Amino acid sequence: MLTKRLIACFDIIGGMVTKAMRFQDNIHVAPAGELAEAMYGAQIDELIFYDVTASAEKRGIDLDAVKDVARRVFIPFTVGGGIKTIEDMYEALKAGAEKISVDSMAVRSPAIIEEGAKAFGSQCVVLSTQVKRTPGMPSGYEVYIDGARLATGLDAIEWIRRGQELGAGEICLNSIDCDGTLAGYDLELMRLAEAAVSVPLIASGGAGAPEHLKALFTETQAQAAIISSMLYSPRMARNYSVRELKEYLTGKGLPMRPMRG
């Protein structure tokens, strides 16, 4: 059985990790490199780094921040934000990323998914999608872009199905409704997604307690969970360590990547 993955996700603004609720009211947490080093030491399975204002500000990804994080960690590291071309993907990979996440640009120019998969392999391309419950959409969910600021009119499930067809090797679904609420993942969204695609799914938005991870991994087929707030958000009454989360989940019979020592 494949092990489940726990992922720390950094929303970066000006080289600083920030935390928000429903993509608003960001508060600074720590410099990206320092927090990445701490998460690596805590034995997180993977990191995802989003330069969250790059697309809205119409600029490229912060490569200096990517390099700073990459030199401190030796685990899979995904980056996104401001990726517009194959050349941007190449520069991010050269800066130390292992995988590239495409979001807003993929909606505007879906060919970037196909081109990236052909150039670097599907395993290198992650389709990240911000979705919101929207009555009238076929699935009940709509895709948003530019840091969840702009509605696209795209149905979320139809979009991720197309993303897989174009070559995305992994899909990260972030629920705007649940983001930062600490009330649990949108399990309905994940069930709809798993029925539509066969590539690995990452759930994002809403984790606030170990029980939320158990529900995600036992009630859906998600292979990975983003748990940022649980690890370092100042909005949490208490933060959890990677070790205690893995021990809890292992105790519930879930296959987790083992801790070192």
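Provided above is the structure to which this section pertains.
A quick note: this is a predicted structure, and the numbers were derived from the prediction, not measured.

Enquirer: So what exactly am I meant to see when it comes to the packing of helix α8 (residues 210-219) against helix α10 (residues 242-251) here?
Expert: Between two packed helices, what matters for the description is the angle formed by their axes and the separation of those axes. Where α8 meets α10, the axes come as close as 10 Å, and the angle between the chain directions of the two elements is 45 degrees. On the basis of their axis angle, the class for α8 and α10 is oblique. In this structure, the crossing between α8 and α10 has a hand that is right-handed. Taken together, the residues of α10 that come into contact with α8 (itself represented by P210, E211, L213, K214 and F217) are L245, Y248 and L249. Residues of the contact of α8 with α10, tallied by class, amount to six nonpolar, no polar and two charged.

Enquirer: So what exactly am I meant to see when it comes to the packing of helix α3 (residues 86-94) against helix α5 (residues 111-120) here?
Expert: Close contact between α3 and α5 brings their axes to 10 Å; oriented N to C, the two are set at 50 degrees. The angle between α3 and α5 places the two elements in the oblique class. At the point where α3 passes α5, the crossing takes the right-handed sense. Seen from α3, the contacting residues are I86, M89, Y90 and L93; seen from α5, they are I112, E115, G116, A119 and F120. Residues belonging to the contact of α3 with α5 are distributed by class as follows: seven nonpolar, one polar and one charged.

Enquirer: Is there a simple way to think about helix α6 (residues 156-166) in this case?
Expert: Within an α-helix, residues lying three or four positions from one another point in the same direction, as the helix has 3.6 residues per turn. Turning to α6, its buried residues number three or more, namely A156, I157, W159, I160, G163 and L166. Where α6 begins, the side chain of D155 points an oxygen toward the backbone nitrogen of I157, at a separation of 3.2 Å. Where α6 terminates, the next one or two residues include G167, which has phi positive at roughly 125 degrees.

Enquirer: Sorry if this is basic, but what is going on with the environment of M137 here?
Expert: Topologically, M137 is positioned in the loop between β7 (125-133) and β8 (141-145). For M137, a relative accessible area of 19% gives the class buried. Through-space distance from the C-alpha of M137 to that of V125 is 26 Å; in sequence the pair is twelve residues apart. If near-sequence neighbours (up to four positions away) are discounted, M137 is found in contact with E142, G153, L154 and D155.

What counts as what
Residues numbered from 1 in each chain as written. Predicted model: local features only at pLDDT ≥ 70, side-chain atom pairs only at ≥ 80, totals over all residues. Heavy atoms only, no water. Axes fitted to C-alpha atoms, helices over the stretch in contact; angles between N-to-C directions. Helix = DSSP H or I, 4+ residues; strand = E, 2+ residues; numbered from the N terminus. Parallel < 35°, antiparallel > 145°, perpendicular 65-115°, else oblique. Left-handed = near helix turned anticlockwise from the far one by under 90°. Contact = heavy atoms within 4.5 Å. Nonpolar A, V, L, I, M, F, W, Y, C, P; charged D, E, K, R; others polar. Buried < 20%, exposed > 50% of the residue type's maximum accessible area, 1.4 Å probe, protein only. Polar contact = N/O pair within 3.5 Å; in protein donor to acceptor, adjacent residues only side chain to side chain.

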